[in-house]
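Next come the chains, spelled out residue by residue.
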Amino acid sequence: MDHMKKVGSSSCNDGVLLRMGLNDNKAGMQGLDKEKINKIIMEATKGSRFYENELKKDQQVNQRIEKMMQLKEKITTQQLLKAQLQVDKLVIELEQSRNLSSTIVHIDMDAFYAAVEMRDNPELKEKPIAVGSMSMLSTSNYHARRFGVRAAMPGFIAKKLCPHLTIVPLNFEKYGKVSKEVREILTEYDPNFMPMGLDEAYLNITEHLEERLNWPEDKRRFFFNTESATEKDKDDINMSAKCNEGGYSFSPVLFEDNTPLMDDHPEQRDRSVENSVIFGTSAEEVVKEIRFRIEQKTQLTASAGIAPNTMLAKMCSDRNKPNGQCRIAPERQAVLDFLKDLPIRKVPGIGKVTEKMLKALGIVTCSELYQQRALLSLLFSESSWRNFLDISLGLGSTHLEKDGERKSMSTESEINTAEDQYNLCRELCRDLAQELQKERLK
DNA sequence: ATACATACC
DNA sequence: TACTGGTATGTAT
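Naming follows an unreviewed UniProt entry, where chain A appears as DNA polymerase kappa of Cathartes aura. Recorded in UniProt for chain A, the comment headed Sequence similarities (unreviewed entry) runs: "Belongs to the DNA polymerase type-Y family." Quoted verbatim from the Catalytic activity (unreviewed entry) field of the UniProt record, the comment on chain A reads "DNA(n) + a 2'-deoxyribonucleoside 5'-triphosphate = DNA(n+1) + diphosphate".

This next bit is on the environment of lysine 288. Inspection of the secondary structure puts lysine 288 in helix α12 (residues 283-298). Expressed as a C-alpha distance, the spacing of lysine 288 and alanine 304, which sit 16 residues apart in the sequence, is 8.8 Å.

Turning our eyes to something else, we now look at the packing of aromatic side chains. Counted according to the given criterion, the structure contains 9 aromatic pairs. Aromatic pair phenylalanine 224 and phenylalanine 292: ring centres 5.3 Å apart, planes at 90°, arrangement edge-to-face. One end of the pair, phenylalanine 224, is in the loop between β7 (221-223) and α11 (234-244); the other, phenylalanine 292, is in helix α12, and 68 residues separate them in sequence. Among the residues examined, phenylalanine 224 registers a relative accessible area of 8% and is labelled buried. What makes phenylalanine 292 buried here is its relative accessible area of 1%. Between arginine 373 and the ring centre of tyrosine 370, over which it is positioned, the NZ or CZ distance is 4.0 Å.

Along its sequence, chain A is carved into domain 1 (1-74) and domain 2 (104-330). The interface of domain 1 with domain 2 comprises 14 residues on the first partner and 13 residues on the second. For the pairing of domain 1 and domain 2, the buried interface totals around 1200 Å² over both sides, and the portion due to carbon and sulfur atoms is 67%. Interface area lost by domain 1 to domain 2 is led by Lys26, Ala27 and Ala44, which between them contribute 36%. Put simply, domain 1 and domain 2 have 0 salt bridges between them.

Moving on, we get to the packing of helix α13 (residues 310-319) against helix α14 (residues 332-339). Relative to each other, α13 and α14 sit at 55°, their axes nearing to 12 Å. The angle between the axes of α13 and α14 places the two elements in the oblique class. α13 and α14 meet at a crossing whose hand is left-handed. Listed contacts from α14 to Leu312, Met315, Cys316 and Arg319 of α13 are Val335, Phe338 and Leu339. Tallied by class, the residues present in the contact of α13 with α14 amount to 6 nonpolar, no polar and 1 charged.

With 43 residues, the main nonpolar core has Leu358, Leu361, Leu376 and Phe380 as its most contacted residues. If you list the elements that add at least two residues to this core, you get α4 (49-74), α5 (77-96), α13, α14, α15 (352-360), α16 (366-371), α17 (373-379) and α18 (382-393). Both of domain 1 (1-74) and domain 2 (104-330) provide at least three residues apiece to this core. In this view, leucine 376 contacts Leu358, Leu361, Ile363, Leu369, Trp385 and Phe388; residues no more than four positions away in its chain are not counted. Within the second largest apolar cluster, 39 residues are counted, among which are Ala111, Tyr189, Phe222 and Val286.

What follows covers the side chain of threonine 103. Within the element layout of this structure, threonine 103 appears in the loop between α5 and β1 (104-109). Classification of threonine 103 by relative accessible area gives buried; the value is 11%. Residues in contact with threonine 103, not counting those within four places in the same chain, are Leu203, Asn204, Ile205, Thr206, Leu209, Ala283, Ile306 and Ala307.

We now examine the sheet that holds strand β10 (residues 325-327). Ordered in space as β5-β6-β1-β9-β10, the 5 strands form an open sheet in which the pairing is mixed. Sheet topology places β5 (194-196) and β10 at the edges, where each strand pairs with a single neighbour. Taken over all neighbouring pairs, the strand axes of this sheet differ in orientation by 15° on average, direction set aside. In the sheet, strand β9 (residues 302-307) pairs with β10 via 3 bridges, with the strands oriented parallel. Note that in β10 the partner of alanine 304 across the bridge is glutamine 325.

The next thing to look at is the environment of proline 216. Of note, proline 216 is situated in the loop between α10 (206-212) and β7. For the pair proline 216 and serine 383, spaced 167 residues apart in sequence, the C-alpha to C-alpha distance is 47 Å.

As a further point, take the sheet that holds strand β4 (residues 166-168). One open sheet accounts for 3 strands, arranged β3-β2-β4; its pairing is mixed. The open sheet has two free edges, formed respectively by β3 (137-140) and β4, since each of these has just one partner strand. Across this sheet, the average inter-strand angle for adjacent strands is 30°, counted without regard to direction.

What follows is about unusual backbone geometry. Cis geometry marks the peptide bond from lysine 321 to proline 322, where omega comes out at -5°. Inspection of the secondary structure assignment puts proline 322 in the loop between α13 and β10. A positive phi angle, close to 75°, is found at glutamate 126, a residue other than glycine. Within the element layout of this structure, glutamate 126 appears in the loop between α6 (112-120) and β2 (129-132).

Turning next to the pattern of salt bridges. One pass over the full model with this rule turns up 22 salt bridges. Measuring nitrogen to oxygen at the nearest pair gives 3.4 Å for the salt bridge that ties lysine 174 to glutamate 117. Here the residue lysine 174 occupies a position in helix α9 (residues 172-189), and glutamate 117 occupies one in helix α6, the gap between them amounting to 57 residues. For lysine 174, a relative accessible area of 22% puts it in the partly exposed group. Salt-bridge contacts for aspartate 318 lead to lysine 321; the nearest nitrogen and oxygen are separated by 3.9 Å. Owing to a relative accessible area of 25%, aspartate 318 belongs among the partly exposed residues under this scheme. A network of salt bridges, in which partner residues are shared, links Asp108, Asp318, Lys321 and Lys346.

Reading the values: rules and limits
- Residues numbered from 1 in each chain as written.
- Chains lettered and ligands numbered in written order.
- Predicted model: local features only at pLDDT ≥ 70, side-chain atom pairs only at ≥ 80, totals over all residues.
- Heavy atoms only, no water.
- UniProt positions renumbered as here; feature names shortened; annotations may be inferred.
- Helix = DSSP H or I, 4+ residues; strand = E, 2+ residues; numbered from the N terminus.
- Phe/Tyr/Trp six-rings, centres within 6.5 Å; stacked < 30°, edge-to-face > 60°.
- Buried < 20%, exposed > 50% of the residue type's maximum accessible area, 1.4 Å probe, protein only.
- Lys NZ or Arg CZ within 6 Å of the ring centre and 35° of its normal.
- Domains from an automatic or database assignment.
- Contact = heavy atoms within 4.5 Å.
- Buried area = accessible area lost by both parts, 1.4 Å probe.
- Salt bridge = Lys/Arg side-chain N within 4 Å of Asp/Glu carboxyl O.
- Axes fitted to C-alpha atoms, helices over the stretch in contact; angles between N-to-C directions.
- Parallel < 35°, antiparallel > 145°, perpendicular 65-115°, else oblique.
- Left-handed = near helix turned anticlockwise from the far one by under 90°.
- Nonpolar A, V, L, I, M, F, W, Y, C, P; charged D, E, K, R; others polar.
- Core = buried A, V, L, I, M, F, W, Y, C linked by side-chain atoms within 4.5 Å.
- Pairing = 2+ DSSP bridges.

Here is the structure:
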């Protein structure tokens, strides 16, 4: 009868918009005229190969949803009750093993590439800019986000949304350099910190916090950067000092409750006490210190999240962006409060597709995810529903994986056997075939 | 076992 | 004109 037509057409517009329309999930994109923006995006994209392909993918997702809904219909009250008991048994176990003893920090540079480009070219400040090309943007500054311009959007569409947009080409070498500067700071707080790309990192500062308790104030004192360069990085600082003369000011946000802010004496260049600030021993203070040092060293701001595990820390760092920080206290209730009305889409690992599938089940927030735990255990694979359960309980990794022990590299004797050469050749042919197929699609 | 899909930066 | 490319992990066949 009307088998997949219903899902196909009724949620088609909705689905395609979800897939191709504006994703206002990112910081700085609240309260935009989404209707208008989506109209422009759709007009620019309609009829393209890309659009057709996305349509097809969306249909596939719809079919997956249809399958899931059929499965759901067949579930009896009995089965659901049984599932509820089993899942709740697991919930008790998980609760018992809940670990709130680690302090994990997620550091996220604000609009990183765009911020670097603005720092190095003051002309760009005050203007909406994006970094990338007409084909693809890597990031945009907050000004551009007001127009709906965001990362992963092609530049030519962004130009339609914001005709005055300046697109700066990528300069990875530069971003890598800045990233290295930031990492030099981070490693002091956790030598095993885990970088995620150039602009993000996780730190486990549990040990640092313990040691820090016994530190004298002098070890927690940091100086405002002045025109004179520090021993290292002379070149970089000289270059940026030029940009500063006009009136670069240090973020006031950091010092709401820290008094010694002295913007009246820019001529003071020595490392005098008035030119310094002392940070406390709490996790918040540590993170303020990290952010202060990053800003002093690079003139760029970062946002941060502090929480008992990586998942929560990441979501936390998003909360007060840009140039802010947020902490979830290491208490079960604080974790649950944070999750209560949080849309599942905010959770790392939950993207458009999973969002849509769960929405079909009436699940939008993390609390709803928890309420439906029994049903989910019957509809999804074990790894999926257990992941959903972890999310809804606010559980995540409390330590940072060392990727030290990768799968051992093949030794030279293993590489050059005839068999391996044959396999390599086969793989290359397969890849080539794949490429060709992709091309045909275009 | 392999291809295909989802998600992240 | 033009919708990334690399990596990790999960799903489907």
